[in-house]
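In case you want the letters, here they are:
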Amino acid sequence: MAKGTMRYWAAAKAAAGTHEEPYDAATLAEALKAAGSARGEEFARVVARSSFLIDGDPVGGRPHDSVALPEGGVVEVLPPFAGG
């Protein structure tokens with residue numbers, strides 16, 4: 001297990017009810033499952049459509065259960081957004 005920080009942006013921040021929180025998980029899938037366990041369907045819907053960065057590196061299309069989280073890392077949860 002690794003400990004780090006999950007940061008939520010835009011709609012993910014609204015659905016999570018916080019800008020950031022700690023994680024204690026081995027994989028991205030575990031961290032998202034733990035984060036979603038206390039939240040409702042809106043959080044799950046937003047996260048399902050989000051992109052993720054881990055310490056600035058994009059996760060891309062990799063399965064979340066294959067993405068190991070680093071000790072002290074930062075996971076950015078980026079929902080889709082318009083504009084630019």
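Going by the structure above, here's the rest.
Here is a short report on the structure shown in this document. (Residues numbered from 1 in each chain as written. Predicted model: local features only at pLDDT ≥ 70, side-chain atom pairs only at ≥ 80, totals over all residues. Heavy atoms only, no water.)

To continue, consider the overall build of the protein chain. Helices and strands together make up the secondary structure of the protein chain, namely three helices and five strands. Each helix and strand of the protein chain, placed in order from N terminus to C terminus, yields the pattern β-α-β-α-α-β-β-β. For a compact globule of 84 residues, the expected C-alpha radius of gyration is about 12 Å, and the protein chain comes in at 12 Å, within 12% of that figure. Principal-axis analysis of the C-alpha atoms gives the protein chain an extent of 35 × 30 × 20 Å. Expressed as a percentage of the 84 residues in the protein chain, the buried residues total 35%. Considering only contacts in the protein chain between residues 6 or more positions apart, those separated by 24 or more positions represent 60%. Total accessible area on the protein chain is roughly 4900 Å²; 55% of this is exposed by carbon and sulfur atoms. The distance from the centre of the 8 positive side-chain charges to the centre of the 11 negative ones in the protein chain is 5 Å. (Helix = DSSP H or I, 4+ residues; strand = E, 2+ residues; numbered from the N terminus. Rg over C-alpha atoms; globule rule 2.2 N^0.38 Å. Buried < 20%, exposed > 50% of the residue type's maximum accessible area, 1.4 Å probe, protein only. Contact = heavy atoms within 4.5 Å. Areas by Shrake-Rupley, 256 points an atom, 1.4 Å probe, with all protein chains shown as cover. Lys, Arg positive; Asp, Glu negative; His and termini not counted. Charge placed at Lys NZ, Arg CZ, Asp CG, Glu CD.)

This part takes up the environment of Ala 26. The residue Ala 26 is located in the loop between β2 (20–25) and α2 (28–36) in this model. Overall, Ala 26 belongs to the partly exposed group, its relative accessible area being 29%. Along the chain, Ala 26 and Ser 51 lie 25 residues apart, while their C-alpha atoms are 19 Å from each other. In this structure, Ala 26 is in contact with Met 1, Ala 2, Val 67, Ala 68 and Leu 69, ignoring residues within four places of it in sequence.

What the rule picks out here adds up to four salt bridges. With its nearest N and O atoms 3.1 Å apart, the salt bridge here joins Glu 20 to Arg 7. Taken as a pair, Glu 20 in strand β2 and Arg 7 in strand β1 (residues 2–8) lie far apart in primary sequence, 13 residues in all. Overall, Glu 20 belongs to the partly exposed group, its relative accessible area being 38%. Look at Arg 7 and you get partly exposed, because its relative accessible area is 28%. Here Arg 39 ties to Glu 21 by a salt bridge, and the two come within 3.1 Å at their closest N and O atoms. On the criterion of sequence distance, the pair formed by Arg 39 in the loop between α2 and α3 (41–48) and Glu 21 in strand β2 is long-range, its members being 18 residues apart. Taken together, the shared-partner salt bridges in this structure form one network comprising Arg 7, Glu 20 and Glu 76. (Salt bridge = Lys/Arg side-chain N within 4 Å of Asp/Glu carboxyl O.)

Ranked by size, the top nonpolar core spans 21 residues in total, and within it Met 6, Tyr 8, Leu 28, Phe 52, Leu 69 and Val 75 carry the most contacts. Mapped onto this core, the elements with two or more residues apiece are β1, α1 (11–16), β2, α2, α3, β3 (51–54) and β5 (74–78). A total of four residues in this core trace back to one element, the largest contributor, which is α2. If we ignore the near neighbours within four places in the chain, the residues touching Tyr 8 are Lys 13, Ala 16, Thr 18, His 19, Glu 20, Glu 21, Ala 35, Arg 39, Phe 43 and Val 77. (Core = buried A, V, L, I, M, F, W, Y, C linked by side-chain atoms within 4.5 Å.)

Take it as geometry only, folks, not as evidence of what the structure does.
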